[in-house]
Structure formats: C-alpha cells, structure tokens
Amino acid sequence: RSTLFPYTTLFRSMRRTGDGWHKVNIQGEPLRIDDLSTRLTQVAAYRQTVCRVKASDYLLRRINGIEEPVVARAREAKSAMNVVATEMISGLHWADFETLVDLIFARTGWQRISRVGGTQADTDLVLEQPTTGETAFVQVKSKAGQAVLDDYIERFRRSGRYDRMFFVCHSPTGALSVDAATGVHLWVGDRLADAAVKAGLFDWLIERST
C-alpha cells in the first residue's frame, strides 16, 4: 500500500538593498507606524512575503522626507489664519480681550473660580484644572513691557498659592521673556492667536472685529 502526500513548492522573492534595513527616512527622521497613513500601514496584514503597495507615491514621499502636498497647504492656511487672528486680537476692546482669554481657558478645560477683572490685586483670573487639581492665575494686559512681566512673575513666586501663571498680552512693548521661570507661561503674538484658533474662537473674533 502506498500513500501519496501532497506537496507545495515554495517560491521566494528577494530584493537587495543598498545598505541594509532602515526605519528612518532619507533625512534620518524616524518612520513610526502611528505617524503613517493607513493607506500604507494596511499592508501589514498581508501574510505573504511581497505585496504591491497601492499608495506608492505616498510611500516614496515619506521615504524621501517630502511633506504631503495637502498637509503643506493646510499648514500655509493655518499660518495665514493665525496672522489674521493676531491682527483681530490686537484690535479688540480691553473688555472683549479679557472675555476672549476667559473663553480660551474655559474651552481647554480650565474652570474659572474668580470673576473676570475687578479689583483683585495680583490677578485678573484665578483658574482650576479639575483633572489635575492645578490652580493658576492669569494676568491679562493689552500692552505691557518686560518690567511689568517681571513684576507679576515675582508676585507669582511670592504668593505660593498657585501652580501656574499665565501672562497674556496682545501688544507687548518690546520683546518679552520669562527666562527659566518655572510654571510661568507667556502668551503673546502668534502663541496667543494659535490658542484662540485651537479653541475654535476664530468666528468669535470675526464677529467682534466687524
């Protein structure tokens, strides 16, 4: 009695590389799965040795460190939006400016535990972050120079009551710097405009600027 066993011939496909396997692009920047489009990463489910990559143009751009055209246009549009937002913020009435700052923090998870403005000696806003328990005081200035900023940084250090301090100014007098002050955040110019745009307040700025 004889038994016949089926057999399979295996075909191996090999591709030679110039200098070995790499996990970085041509500029030496890491190529991480989380940063790649599913148009490319979906081929990871392929169970054979070699497969055809449909998104070959995308693959070559990533290997060569070339930014996606649509992403480049998006960055240009966002930059232009921030420029316009900066101009609109600098033209706000002081009361609207304080309201804008209050809205930015409210939309990013901070809860106000004081009223806006008023006669508080050292701060315009006192905030609390419920998820971390942090507290912060915010000083809002339409115009301010380095001496004013330094004064509030010193008040923040002396108080010992807050975890963070935010100094927000739309029209600084000269360049402002917090140096290495721990827990101090400076929002001016593009940084302030970016916060407003990310908080979804661009349309609000348009309404206040008409």
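Owing to the predicted nature of the structure, the values given are computational and were not obtained by experimental measurement.

A. Spotlight on helix α5 (residues 146-159). Spanning 14 residues, α5 covers 20 Å between terminal C-alpha atoms, matching the ideal 20 Å at 1.5 Å per step. Buried residues belonging to α5 abut β3 (134-144), β4 (164-172) and β5 (184-188). Phi turns positive, to about 65 degrees, at Gly160, one or two residues after α5.

B. Broad picture of the sheet that holds β4. An order of β1-β2-β3-β4-β5 is seen for the five strands of this open sheet, with the pairing classed as mixed. A single partner strand is all that each edge strand has here, and the edge strands are β1 (111-112) and β5. Inspection of the sheet shows β1 paired to strand β2 (residues 125-129) by two bridges, in the antiparallel sense. Within β2, the residue paired with Gln111 across the bridge is Glu128. Against the sheet, helix α4 (residues 94-107) touches β1, β2, β3, β4 and β5, its axis set at about 150 degrees to β3. The strands that α5 touches are β3, β4 and β5; relative to β4, the one it contacts most, it runs at about 170 degrees.

C. A look at the side chain of Asp194. Relative to the helices and strands, Asp194 resides in helix α6 (residues 189-198). Not counting the four nearest positions on each side in its chain, Asp194 is found in contact with Lys78 and Asn82.

D. Fine view of the pairing of β3. Sheet analysis places β2 next to β3, joined by five bridges and oriented antiparallel. Its bridge partner being in β3, Leu127 is matched across the sheet by Ala136. If you look at the hairpin formed by β2 and β3, you'll find four residues sitting between the two strands, and Gly133 has a positive phi there, around 80 degrees. Relative to β4, β3 runs parallel, the two sharing eight bridges. Of the residues in β4, the one forming a bridge with Ala136 is Arg164. Assessed by its sense of winding, the connection that carries the chain from β3 through α5 to β4 is right-handed.

E. Local environment of the packing of α4 against α6. It is at 9 Å that the axes of α4 and α6 come closest, and there the two elements cross at 60 degrees. One way to sum up the angle between α4 and α6 is to call them oblique. Crossing of α4 over α6 shows left-handed handedness. Across the interface between the two elements, Phe97, Leu100 and Ile104 from α4 touch Leu192, Ala195 and Ala196 from α6. The class makeup of the residues in the contact of α4 with α6 is six nonpolar, no polar and no charged.

F. Representation of the environment of Ile26. Relative to the helices and strands, Ile26 is located in the segment before α1 (38-41). Measuring from C-alpha to C-alpha, the distance between Ile26 and Arg62 comes to 8.8 Å, with 36 residues separating the pair along the chain. If we skip the residues at most four places from it in the chain, Ile26 touches Ile63, Asn64 and Gly65.

G. Examining the nonpolar core more closely. Counting 28 residues, the largest nonpolar core has Phe97, Leu100, Val138 and Leu205 as the members making the most contacts within it. Among the secondary structure elements, those contributing two or more residues to this core are α3 (69-90), α4, β2, β3, β4, α6 and α7 (202-209). When sequence neighbours within four positions are dropped, the list of residues in contact with Val138 reads Val101, Phe105, Thr123, Asp124, Leu125, Leu127, Phe166 and Val168. By size, the runner-up hydrophobic cluster in this structure holds 16 residues, among which are Ala144, Leu149, Ile153 and Leu186.

Thresholds, definitions, all that
- Residues numbered from 1 in each chain as written.
- Predicted model: local features only at pLDDT ≥ 70, side-chain atom pairs only at ≥ 80, totals over all residues.
- Heavy atoms only, no water.
- Helix = DSSP H or I, 4+ residues; strand = E, 2+ residues; numbered from the N terminus.
- Expected span 1.5 Å × (residues − 1).
- Contact = heavy atoms within 4.5 Å.
- Pairing = 2+ DSSP bridges.
- Axes fitted to C-alpha atoms, helices over the stretch in contact; angles between N-to-C directions.
- Right-handed = clockwise from strand over helix to strand, strands pointing away.
- Parallel < 35°, antiparallel > 145°, perpendicular 65-115°, else oblique.
- Left-handed = near helix turned anticlockwise from the far one by under 90°.
- Nonpolar A, V, L, I, M, F, W, Y, C, P; charged D, E, K, R; others polar.
- Core = buried A, V, L, I, M, F, W, Y, C linked by side-chain atoms within 4.5 Å.
- Buried < 20%, exposed > 50% of the residue type's maximum accessible area, 1.4 Å probe, protein only.

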